[in-house]
Structure formats: structure tokens, C-alpha cells
Amino acid sequence: MNNLIRFDNVTFSYGSRNVLENIDLEVREGEFLAVLGYNGSGKSTLAKLINGILVPTSGKVYVDGMDTSDENMLAEIRKTAGMVFQNPDNQIVATIVEEDIAFAPENLGLDPAEIRVRVDDAIKAVGLEKHIKDAPHKLSGGQKQRVAIAGVLAMQPRCIILDEPTAMLDPKGRSLVMGVIERLNREKGITIILITHFMEEAALADRIMILSDGRVAVNDTPKKVFSDRDRMISLGLEVPPVTELTLNLIRNGLPLEKDTIHPEELIDSLLKMKEEEA
Amino acid sequence: MSTLRLENAGFTYQKGMPDEKTAVSGVSLTFEEGDFVGIIGHTGSGKSTLIQMLNGLLRPTEGRVFIDGDDIWDDRSKLREKRFKVGLVLQYPEYQLFEETVRKDIAFGPKNLGLSEEEIDSRVREAAGFLRIPDELLERSPFDLSGGEKRRAAIAGVLAMRPEVLVLDEPTAGLDPRGRRDILDVIKNYHETEKKTVILVSHSMDDVARYANKVLVMNGGSVLYYDSVAEVFKHALELRETGLNIPTVTGILLTLRERGLAVDTDIYTPDAAAQTITETFRGRRSE
Amino acid sequence: MRDITLGQYINGDSVIHRLDPRVRLILTLAYIIVLFMFNTLLQMVLALIFILLAYALVKIPAKMLLKSLKPIIPIILFTSVLNMFFIKGDVIFSFWKISVTKQGLYYAAMMSLRVICLIASSSLLTYTSTPIQLTSALESLFSPLSRIGLPVNDLAMMMTIALRFIPTLLEETDKIMAAQKSRGANLDTGNFIQRAKALTPILIPLFVSAFRRADELALAMECRCYNGGEGRTRLNALRIRGLDWIAAAVFTACCVMVFLAGRLPL
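Residues numbered from 1 in each chain as written. Chains lettered and ligands numbered in written order. Predicted model: local features only at pLDDT ≥ 70, side-chain atom pairs only at ≥ 80, totals over all residues. Heavy atoms only, no water.

## Remarks on the overall build of chain A
Quick note on the threshold: Runs of H or I in DSSP of at least four residues are treated as helices and runs of E of at least two as strands, each being numbered from the N terminus. In this setup the radius of gyration rests on C-alpha atoms only. A globule is expected at 2.2 Å times the number of residues raised to 0.38. The classification of residues rests on relative accessible area computed with a 1.4 Å probe and restricted to protein chains. Under 20% of the type maximum is buried, over 50% is exposed, and intermediate values are partly exposed. Accessibility throughout is a Shrake-Rupley quantity obtained with a 1.4 Å probe, and a residue counts as covered only by protein chains that appear here. Under this rule, positive means Lys or Arg and negative means Asp or Glu; His and the chain ends count for nothing. For this purpose, a charge sits on NZ of Lys, CZ of Arg, CG of Asp or CD of Glu.
Check the secondary structure of chain A and you find 12 helices and 10 strands. Taking 19 Å as the expected radius of gyration for a compact globule of 278 residues, we find that chain A reaches 20 Å, a close match to that expectation. When the backbone C-alpha atoms are referred to their principal axes, chain A occupies close to 65 × 50 × 35 Å. Looking at chain A as a whole, 60% of its 278 residues qualify as buried. Carbon and sulfur atoms make up 45% of the accessible area of chain A, which totals about 10800 Å². In chain A, 32 positive and 44 negative side-chain charges are present, and the distance between their average locations comes to 2 Å.

Given below as C-alpha cells:
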């Protein structure tokens, strides 16, 4: 598979301070990458570099082979790699859901009939058909965030970058938004780059990259990443509660794998142990 | 002795209008001095309305609110004085920062109480101490701080009023894991040293399970459960049925039990969960 | 405060709702202009009947209409009284130094009807058009001006964003006020200067937040390929259809008939 996103020795600095330093990163088409790191580790800067909102101080960022520092390619790059931000209120432009979703296709100058099709597809993909004519400010946080995702989907992007999309949501909204993100990745093959502070969300990814002080500290599968609890704590992060519990059990002498990151895994291996015992 | 008591309290928005909406109704309960109460419930369960009644921001449209035995709405002239016994930290409190320096911002509350300069100064220092805000930060503009620091400065602004009851609405929302831990540790430490009542509204069952000694579960504008943590999480199954999250480990234990493993399910911390699971394997229970 | 909606749009599917908003806007303006051209009571009564029929078509309850008229009742009464007493003519009855004349009554009735029709028609426009429809109608009607350099599209986008953010900022104001009140801010008492000063803790956070929001919104718009008004197409492009022509024709026919009715010896 091709690399859809490629960072080639990227450094980005504000004044004399390097926010990101010598970042090399490749994201395959269809991959689900989670980016972790404490506040100020450079995660948001990384996101903004991907679709040309920021341009590297040195090094290059390529989206589907297009150089983000080439101004002529910006529209094409932003169409390919869409962005969803943390605060749903601050990214909804229109006063009616469908008009907001239509915003990007309108900007692209598409035919009204084509816009209609894209809006309808996008709203269906996030499961908000019932709210198509509603005013965004009457929706819940989770619904607003799904409108924001639909607004990006209407560009038919191949990659969506989400910068802490669930940070301001309640658990229900969070799980609905995560459900949509997973579905887009699995069913539509859209590449996902998810920046998050929630370890359970990162556990759903194919790969986790951890930023620390503007450098890549860890870049590996969730299982590998979360099995090193001490490392995670020292990076200002944590491990999912399931992993915490598993580590406790291992300390108590149960023969479990320390890279258990999903509740079902732990439940299955415990039940299997019981069977074997009996 | 400082207790906060609600008697059949309720609140209806737009009362008497065609679009009136009852957010809370018939709530009777007592927050005892020194309790650490976690409030949980869906968005729209009435949590936010409830806590705004606690410090007199909203006047209940039915029932009454008592602080130390006095109805806070009895005597309007004393309303201000009484409401300040309950310190309320709203969601994303950093949006309330406005002064030139952190010090001045923390002093805003005490100043409104009409205290002397010396008293204000000592309260600012005390509150900054609780929130682990170093001295050099006090002279900075609150708008130059990091997200977590802003949050702590805003909470200090409420603590500086020395409330008898501290109410926090999702104080960790939007923070990174380290920021979340810091804030919760600060609150826990404050509760342990001051022995004052703390009420924490949270979406995270894991946090409530770890820090609170009592849990209030709101559902559809009324109280579903109000009891010790252990008692409330005995209803984990019912909680899950109403669509509320339960602590991750409790969820795992429930599933294990459903699938035939004899574990205890009224457990909500990873340590205790590890204990009961280990026991089923070693068969200690039969010994 | 949370549920505030700008304008008074009533969701519906009436003939008037289905008209192109530009047609609604122009017909309303035309109606107001002819109101001032009518000069007999009969014409006014017919104009009133016309607007009442329009209300019946939209199925807006009479209560709503009365509600929108309520604030102007004092004005109607005041001008009526002035007209009644100060217009000279055939005296109907008089007491003390005041006399009521036939002409006075006639003009009072004319004026009142005119004001009522004026309010009723403009309310009907806002009942049947969302703010966003009015914005696009204005954008479209003024679009010729973009040729002489007026940034019509950008102005319309600004209007839209303002409409979108008013509820958000009102909610935000609510929250900030609650937070500062919890810290003892005294917003309700004191003299003018004290009150103005007490607003600082509300206004500063509100401005800071509005700027932050503006910043983030600009970023989000850029990410969604916004590049100014040029080359934009619209999902719900305004289109004049058969229904709009029929409405315009019916309106014109009614106007002509009412003008003719003005010639009747009444």
C-alpha cells in the first residue's frame, strides 16, 4: 500500500523554539494512526502541518505525493486530508445542518445536484439523517461533532485528521463519535489520524505515535505501546484501565499477557484459564 | 457543622411558558460535612441545574435549599453571604479569568467578600498553595498560562473564598492525562487536609470510584441512587441498563460473572478487582 | 436565554413558505409601497383583508398576529387620537373645547389600518423566512453591486456567521455570568458607574472567547477550502419557479383591482 502522508525530516519552529524536531512519519492509505502526547508536545502543530495550514520550517510534508508548501496544490491537499477540531461549536459555519455540510462542496464550486448527493451521503455516514434541517446550536455536543465530521466527509477526503474530537463530549457522545470514526476507517477505507488524550480510544488504532517535546518518542502498535506502563507514565500518559488490571493480575501470579488492551481480551483469556483449570 | 440540604427541590426552566422544561424535580438529600460526593448522570439528567441551585445561582421553582439549617432564599439580604458558603467551579472555569495577573484574578472573589488587604493576600497565598501554583506564576497574566495552569488558577479563585462546600463541575474536562491526575490529586489533598465537603460532577466512573466516598446518580431530573460508593456500584447492572458508564473493572467483573466465573461484582478499583479474580483462581474462598 | 432564536420563523410548508425568498422580500416591499399609495378607507380595508388571507394561507394563529401587533398599540392609539381631535371638518360631536370630526375619524381609521397592515406584512415575512433565507435573498438581489466592487458575497458570509454565533455567544455570556456571580460579582446593584465596572469581569472573558472562536472558525473554514465568495456554488440555489410567477401575478392583479376600487364613489 502507498504512503498517503509522509513527513520527511520535518522541523517546525515558532521563533527560536522548535515545536517539532526532525519528524519522520509515514501513514499508509487506510491506516488508523493515533497520536498521543501531553499538552504542548506538538500534536496540534503536527496536524496543521498535514494539510498545509502550517508549512515546515525545514523538511517536507507530502500528501498523496503533493508537497504542502506548494500553494497551487493547497485546495487539492485540503480536499484529500480533511480536519476535524476539538470544539464542535467553533467549526460549524451555517445555521442549518445541511447547509453546514454543504459548505466545503460549495467552496469547491460543485454543481448543486452533486452537492445534494454528497450532503445526503455524508449525513447518512454519521447517522444524523433526522437532523438535516435542524439548527446546529440545538444539537448535543456529540451530534455537533458528527456534523463537523460530515462537513469534512462531503469533500470526499481520503484521510481525516481529528484533533481531540472527543475531548469536550460526554461518554455517550464520545462513543458515538468513535463509532463513526471506526466505521469510516473500516468500511470506507478512509485513513484516520486521531489525536487524543483517551487511552481507550488510542487502543482502537492500528498504530500509536507518541510525541514528547516535539520528537517522536514511541511509534508502535497499541499492544507494544501499552505493555510498557512505566514508559507511558514517564511520558505523562497512562495505560487503559484493562491493562492496569491485567498488570495487577500478573503481579498476583496469574499467567496473563501484559499486552492486554481490550476488555474482551482479558475476559476471554480468564475464561479460557478457568476451562483449562476445570 | 456545615451541611447542605435539599428538601423536595426542583427547577423548571421557562416556568409557566408553553415551552417550560422541568430539569430537576423532587430532590431531597443531605450533603454531610466532610463528604466527598461524586455526582454522575447523563447530559440532561439535571446535574448542572442541581449544582446551580446549591449556591443560589438558580432559585428552586419548588422545594427549598438549606445551608446549616437556614433556607438560603428566606432572607434576600443574606442570600449573598449564604451562597458563598458553597463554592462553585463551573465547567471550563478558565473562561472566567479576566484580571491582569493571576494574583489579582484569584483575589477577585475575596475582594467581593469585602475582606481586608491582608486577609485577601493570605487567602490568595493559601489557595495558590492548594492548587500548587508557584509564586512566579502569580505575577503572570492568566492568559499566558498553559491549559492546565489556567484551570488551576480558576479553581484557586473559588477556593480563595474559603467555601464550606466545594462543588466542581467536570474539573478535568479537556485536559491531558497528567493534567487530569494533577487536578484530582489537588482536590483529594484539599479534601483530606481541610475536611470540608467536596462535590464532584464527573463523567468518569473510574474517577468517581477512586476519589469519592458517596455517589449521587441523577437520572431524568431526579435521584436514582444516593449512597456510599460500594452500595451504588452494587447496582452496576441497573446503572449499565440506564445507559450510564460504570467503572471499567466493574464492567469486566460483571461480564465474567455472567459467563460463569464466581467473582465479586461490587468492586470498582483495579486493585480490588485483581484481588477477587485472583481468588477465584486460587480457590481461596473455599478454604 | 438559551433557547433564543433570532427572528420569528415558523416552520411550515405553505404556499408562501415555498416561494423564493427574493420574491417574498420583493412582494412585501411592494405591498408596503402600495399601502402608502392607497388613499381611501375601502382600499385600506381590502389591503387588510389581503394580508389576513395571506396569514390564513400560512395557517398562523390569530394569536401570533396579535402578539406582534401588541407593542405598537400605543402608537396606533396615539396617532388615532391626534387625528380624531385635530383634523378639522364636519363635527360629529364635541365637548368642552374638543370636537371629533367625520374627517378626523376617517383619517384615524386609515392610519391605524395602514400601521397594522405594515406590521402584519413585515411580520409575515419574518414568520415565513429564516434569517439565512433573507440573507441569501439580499445577497442575490444585491449581487449586481459586486461588479462595482462591493463584496456582497463576503458580507453575506459575515451575516451568516453572525447569525450562527449569536446563540452560542449568548449561552457563553450566561455561563460567564454564572461563574462570576459564584465568585461574588455583584451585577444587579449599585449606581451606573459601579454597574458598568461590574461588567468588566463579564466582557473581558467574553471578548477573549469570541476572538478564540473566530480564530478557530477561520482555521476550520480554511480547512474546508473557503477562499472568499468567488467560485462558490450553493446547495439550495435560489430559483424562480412557476409558483413565484403565479404569486407575483396574483399580487399584481389584486393591486390593480384595489386601485380601481379607489375610484368607486364611496
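So that's the structure; there's more coming.
## Re the interface of chain C and chain B
Defined as follows: Any pair of residues with heavy atoms lying within 4.5 Å of one another is described as a contacting pair. Accessible area that two parts lose when put together, with a 1.4 Å probe and added across both, is what the buried area reports. Salt bridge, as applied in this entry: a Lys or Arg side-chain nitrogen positioned within 4 Å of an Asp or Glu carboxyl oxygen.
Every contact between the two is made by 19 residues of chain C and, on the other side, 21 residues of chain B. Of the roughly 1700 Å² buried between chain C and chain B, counting both surfaces, carbon and sulfur atoms make up 57%. Taken as a group, C:Ser182, C:Arg183 and C:Gly184 account for 40% of the area that chain C buries against chain B, more than any other trio of residues on that side. Inspection of the chain C/chain B interface yields 1 salt bridge. Put simply, B:Asp105 and C:Arg183 hold a salt bridge, and the shortest N to O gap is 3.0 Å.

## Notes on the pairing of strand S3 (residues 36–40) of chain B
Residues and elements named next belong to chain B. Operational definition: A pair of strands is treated as paired once DSSP finds two or more bridges between them.
Counting buried residues along S3, 5 of its 5 residues qualify, which places the element largely inside the surrounding structure. The side-chain alternation of S3 yields two buried faces, one formed by Phe 36, Gly 38 and Ile 40 and the other by Val 37 and Ile 39. Pairing between S3 and strand S8 (residues 197–201): 4 bridges, direction parallel. In the sheet register, Val 37 faces S8, and the bridge partner there is Ile 199. Where S3 lies against strand S9 (residues 214–219), 4 bridges are found, and the strand directions are parallel. Bridge pairing in S9 places Val 37 opposite Lys 214.

## So, the interface of chain C and chain A
The following threshold applies: Pairs of N or O atoms within 3.5 Å make up the polar contacts considered here, provided that, within protein, one atom can donate a hydrogen while the other can accept it, and that residues adjacent in sequence are counted only when both atoms are side-chain atoms. Each residue gets one of three labels, nonpolar for Ala, Val, Leu, Ile, Met, Phe, Trp, Tyr, Cys and Pro, charged for Asp, Glu, Lys and Arg, and polar for the others, Gly among them.
Between chain C and chain A, the contact holds 29 residues from the first and 38 residues from the second. Between chain C and chain A the total buried area reaches about 3000 Å² when both faces are included, carbon and sulfur atoms providing 56% of it. Interface area lost by chain C to chain A is led by C:Arg164, C:Arg224 and C:Leu235, which between them contribute 29%. Between chain C and chain A we count 5 salt bridges in total. Put simply, A:Arg78 and C:Glu222 hold a salt bridge, and the shortest N to O gap is 3.5 Å. At the junction of chain C and chain A, the tally comes to 15 residue pairs in polar contact (both at pLDDT 80 or more). The set of elements that each furnish at least two residues to the side of chain C that touches chain A consists of helix H8 (152–182) and helix H10 (200–223) of chain C. Of the residues contributing to the side of chain C that touches chain A, the split by class is 15 nonpolar, 6 polar and 8 charged.

## Remarks on H8(C)
Residue and element names in this part refer to chain C. Let me state the cut-off plainly: Every helix has an expected span of 1.5 Å times one less than the residues it contains. Working definition for bend: take the seven residues up to and ending at a residue and the seven starting at it, fit an axis to each, and measure the angle between the axes.
In this model H8 runs 44 Å from its N-terminal to its C-terminal C-alpha over 31 residues, within 8% of the 45 Å that 1.5 Å per residue would give. Its maximal kink placed at Phe 165, H8 deviates by approximately 35°, while the proline Pro 167 follows within four residues. Residue Gly 184 follows H8 closely and has a positive phi angle near 90°.

## Focus: the pairing of strand S4 (residues 58–63) of chain A
Residues and elements named next belong to chain A. Pairing of strand S1 (residues 3–14) with S4, which is carried by 5 bridges, proceeds in the antiparallel orientation. The residue bridging Phe 7 from the neighbouring strand is Val 61, located in S4. Linking two consecutive strands that pair antiparallel, namely S4 and strand S5 (residues 66–67), is a turn of 2 residues; a positive phi of about 50° is found at Asp 64 within it.

## A few points about the packing of aromatic side chains
We count it as follows: Planes of paired rings set the category: under 30 degrees apart is stacked, over 60 is edge-to-face and the rest tilted, where pairs are Phe, Tyr or Trp rings (Trp by its six-membered ring) whose centres lie within 6.5 Å. We count a charge as sitting over a ring when the NZ of a lysine or the CZ of an arginine lies within 6 Å of the ring centre and within 35 degrees of the ring normal.
One pass over the full model with this rule turns up 13 aromatic pairs over all chains. A ring pair is formed by C:Tyr31 and C:Phe50, whose centres lie 6.0 Å apart and whose planes are at 25°; its orientation type is stacked. Of this pair, C:Tyr31 sits in helix H2 (residues 21–37) while C:Phe50 sits in helix H3 (residues 41–58), and the two are 19 residues apart along the sequence. Judged by relative accessible area, C:Tyr31 falls into the buried class, the value being 5%. Taking the relative accessible area as the measure of exposure, C:Phe50 reaches 27% and is therefore partly exposed. Both rings, one in C:Tyr106 and one in C:Tyr107, keep their centres 6.0 Å apart while their planes meet at 85°; by these two values the pair is edge-to-face. Given the relative accessible area of 31%, C:Tyr106 is considered partly exposed. The exposure class of C:Tyr107 is partly exposed, given its relative accessible area of 43%. Aromatic rings pair up to connect C:Tyr31, C:Phe50 and C:Phe251 into one cluster. Positioned above the aromatic ring of B:Phe66, the side-chain terminus of B:Arg5 is 4.4 Å from the ring centre.

## Points about the sheet that holds strand S7 (residues 165–169) of chain B
Residues and elements named next belong to chain B. This is how the line gets drawn: Fitting a line to C-alpha atoms yields each axis, with helices limited to the stretch in contact; the angle taken between N-to-C directions then spans 0 to 180 degrees.
Spatially, S6-S7-S8-S3-S9-S10 is the arrangement adopted by the 6 strands of the open sheet, whose pairing is mixed. Strand pairing shows two members of the sheet lacking a second neighbour, strand S6 (86–89) and strand S10 (222–228), which therefore form its edges. Each neighbouring strand pair of the sheet contributes to a mean axis angle of 15°, computed without reference to strand direction. Across 4 bridges, S6 lies against S7 in parallel orientation. Residue Gly 87 lies in a different strand from S7, and its bridge partner there is Leu 166. Sitting on the sheet, helix H6 (residues 147–159) is in contact with S6 and S7, with an inclination near 165° to S6.

Distances and angles like these do not, on their own, reveal function.
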